[in-house]
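# Structural characterization, general
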Amino acid sequence: MAVSLSVYCDCHQTLRALSGDMDHSAHPSGLLEASDVGSQKERVVTEEEWLEKWEMGNIGFHKEEGHPLLQKYLDVLLNGRSGLRIFFPLCGKAVEMKWLADMGHSVVGVEISEQAVKDFFSEHSLPYCEEPVPEISGAKLFQSTSGNISLYCCSIYDLSSSIVGKFDGVWDRGALVAVNPCDRQRYASLMISLVEKNSSYLLVTVSYDPNKHKGPPFYVPESEIKSLFGNCCEIRCLEKVDGFSERHKQWGLDYFLEPLQVDAVCLAFCNSASPTGSPGSVAAAVQTLFMGHWLRTRLGREVGRCCKLVLSIPVNICQVKSCQ
Ligand code: SAH
């Protein structure tokens, strides 16, 4: 039995997602929650196209200043812990890697573009060394001389926990939304295999009308996030931010949101496969009650602080539930 705690900031939305409702009824935020990603479903961006974007300097996704949502929710990612191993899937030259390394964490990224990886080190004046990865043909590992930033230059699908180990935290911005829609399941399964129990996964997704822009970034409906990660993760929405800019206007969009999602991965006892009724499950139930109390106190405060402002929805539903 896997036990998980869920804090839902919007019960209507959750119920609609769980019941597989595919309609485009009004979202409580006033926007459409379009579950139909129609025109984007078949779209494939090849590795060569990504490399070309880097060569041409067509990297509007890169944030020179870093992402304000990571600053804002750093506490959620770290959860009071220090010296973490933090993973940056599809990392580009994200400056947030430097932030976290400077705080004493160990950062691992993966990126297909060697130019992006080299730019990262040179733009931060970080000396590095470069070596092949014996397990992956053609892959290279770039490591800062200080040893706390390791960037794998290869496809993320070549990685496994036996090569990179497991992580305590994940910053997923511009990653799930950059993955081709047909590869999402594979990506999510890989990510789940790369995280430790009690890890904290911050996922930034974007919300817009997928008929007006072909992506990337792709629109990933909340219902899909639940089906990708929901089996062994609890997902709660921290905030929906209006990230609308001139760039998005040029895409022909009317709105653009960047919801920040947290998967409190395996927070309680996921993977502790005690059959119901066994002494293990009694112990798990006791622990669950304890965790429930602790989480209600702690997460209730956090979620309340994060969500009320933007969603205007009371965030006081907290339940401990078991799932298969
Ligand atoms: N997360 C970064 C970059 C987002 S753009 C940021 O926030 O700035 C997506 C990045 O994924 C691009 O840099 C692209 O080169 C890289 N990428 C695309 N497919 C990949 C793959 N299969 N494996 C590793 N990196 C990939």
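Computed from a predicted structure; not experimentally measured.

The immediate surroundings of the ligand are formed by 15 residues, with Trp54, Leu90, Glu111, Ile156 and Arg173 found nearest. Within the backbone of Leu90, a nitrogen or oxygen atom sits 2.8 Å from a nitrogen atom of the ligand. Between the ligand and Glu111 there is a distance of 2.6 Å, counted from an oxygen atom to a side-chain nitrogen or oxygen. Relative to its free-state accessible area of 580 Å², the ligand is covered by the protein chains to the extent of 95%. In the shell around the ligand, the residues fall into 10 nonpolar, three polar and two charged.

Quick look at the pairing of strand S5 (residues 140–144) now. The pairing of strand S4 (residues 128–132) with S5 spans five bridges and is antiparallel. Counterpart to Cys129 in the pairing with S5 is Gln143. Bridge analysis of S5 against strand S6 (residues 149–153) gives four bridges, and the strand direction is antiparallel. From the neighbouring strand, Lys140 faces S6, where its bridge partner is Cys153. What sits between S5 and S6 in their antiparallel hairpin is a turn of four residues, with Gly147 showing a positive phi close to 90°.

Further remarks concern the environment of His105. Take His105: it is sitting in the loop between helix H5 (96–102) and strand S3 (106–111). Given the relative accessible area of 4%, His105 is considered buried. Along the primary structure His105 and Gly83 are separated by 22 residues, whereas in three dimensions their C-alpha atoms are 4.6 Å apart. Leave out the neighbours within four places in its chain, and His105 touches Leu78, Arg81, Ser82, Gly83, Leu84, Ile86, Leu100 and Asn148. Here Leu84 takes part through its backbone nitrogen, which lies 3.0 Å from a polar atom of the side chain of His105.

Another point: a negative patch on the surface. A surface patch of like charges, here negative, comprises Glu47, Glu48, Glu49, Glu52, Glu55 and Asp158. By relative accessible area, which is 46% here, Glu52 ends up partly exposed.

What follows deals with the confidence of the model for the protein. Predicted coordinates in areas of low pLDDT are best not read in detail. Per-residue pLDDT for the protein has a mean of 74; in total, 69% of the residues score no lower than 70. With pLDDT under 50 throughout, residues 263–324 is counted as low confidence; its partners more than four residues away or in other chains account for 114 contacts.

Turning next to the packing of aromatic side chains. A complete count under the given rule lists eight aromatic pairs for this structure. Here the aromatic rings of Trp50 and Phe61 are separated by 6.0 Å at their centres, their planes lie at 70°, and the arrangement is edge-to-face. A residue pair is termed long-range when its members are at least 10 positions apart, and Trp50 in helix H2 (residues 47–56) and Phe61 in the loop between H2 and helix H3 (68–72) qualify at 11 residues. Since its relative accessible area comes to 17%, Trp50 is described here as buried. Overall, Phe61 belongs to the partly exposed group, its relative accessible area being 28%. Through pairs of rings, three or more aromatic residues link up here, namely Phe120, Phe121, Tyr128 and Phe142. Positioned over the ring face of Trp50 is Lys53, at 5.5 Å from the centre of the ring. Looking at Arg186, its charged tip hangs above the ring of Tyr157, at a distance of 4.1 Å from the centre.

Among the seven residues in strand S7 (residues 167–173), six count as buried, and that is most of the element. The pairing of strand S2 (residues 85–88) with S7 spans two bridges and is parallel. Within S7, the position partnered with Phe87 by the bridge is Val170. As defined by bridge partners, S7 adjoins strand S8 (residues 195–204) across six bridges and the pair is classed as parallel. Residue pairing in the sheet places Gly169 in a bridge with Ser200 of S8.

Turning our attention to the environment of Gly252. Structurally, Gly252 is set in the loop between helix H10 (246–250) and strand S10 (257–265). Using a relative accessible area of 39% as the deciding quantity, one classes Gly252 as partly exposed. Separated by 41 residues in sequence, Gly252 and Asn211 place their C-alpha atoms 9.8 Å apart.

Cut-off values and rules
- Residues numbered from 1 in each chain as written.
- Predicted model: local features only at pLDDT ≥ 70, side-chain atom pairs only at ≥ 80, totals over all residues.
- Heavy atoms only, no water.
- Near = heavy atom within 4 Å.
- Polar contact = N/O pair within 3.5 Å; in protein donor to acceptor, adjacent residues only side chain to side chain.
- Areas by Shrake-Rupley, 256 points an atom, 1.4 Å probe, with all protein chains shown as cover.
- Nonpolar A, V, L, I, M, F, W, Y, C, P; charged D, E, K, R; others polar.
- Pairing = 2+ DSSP bridges.
- Helix = DSSP H or I, 4+ residues; strand = E, 2+ residues; numbered from the N terminus.
- Buried < 20%, exposed > 50% of the residue type's maximum accessible area, 1.4 Å probe, protein only.
- Contact = heavy atoms within 4.5 Å.
- Patch = residues over 30% accessible without salt bridge, like charges linked within 9 Å, V, L, I, M, F, W, Y side chains within 5 Å.
- Salt bridge = Lys/Arg side-chain N within 4 Å of Asp/Glu carboxyl O.
- Lys, Arg positive; Asp, Glu negative; His and termini not counted.
- Charge placed at Lys NZ, Arg CZ, Asp CG, Glu CD.
- pLDDT = per-residue confidence, 0-100.
- Phe/Tyr/Trp six-rings, centres within 6.5 Å; stacked < 30°, edge-to-face > 60°.
- Lys NZ or Arg CZ within 6 Å of the ring centre and 35° of its normal.

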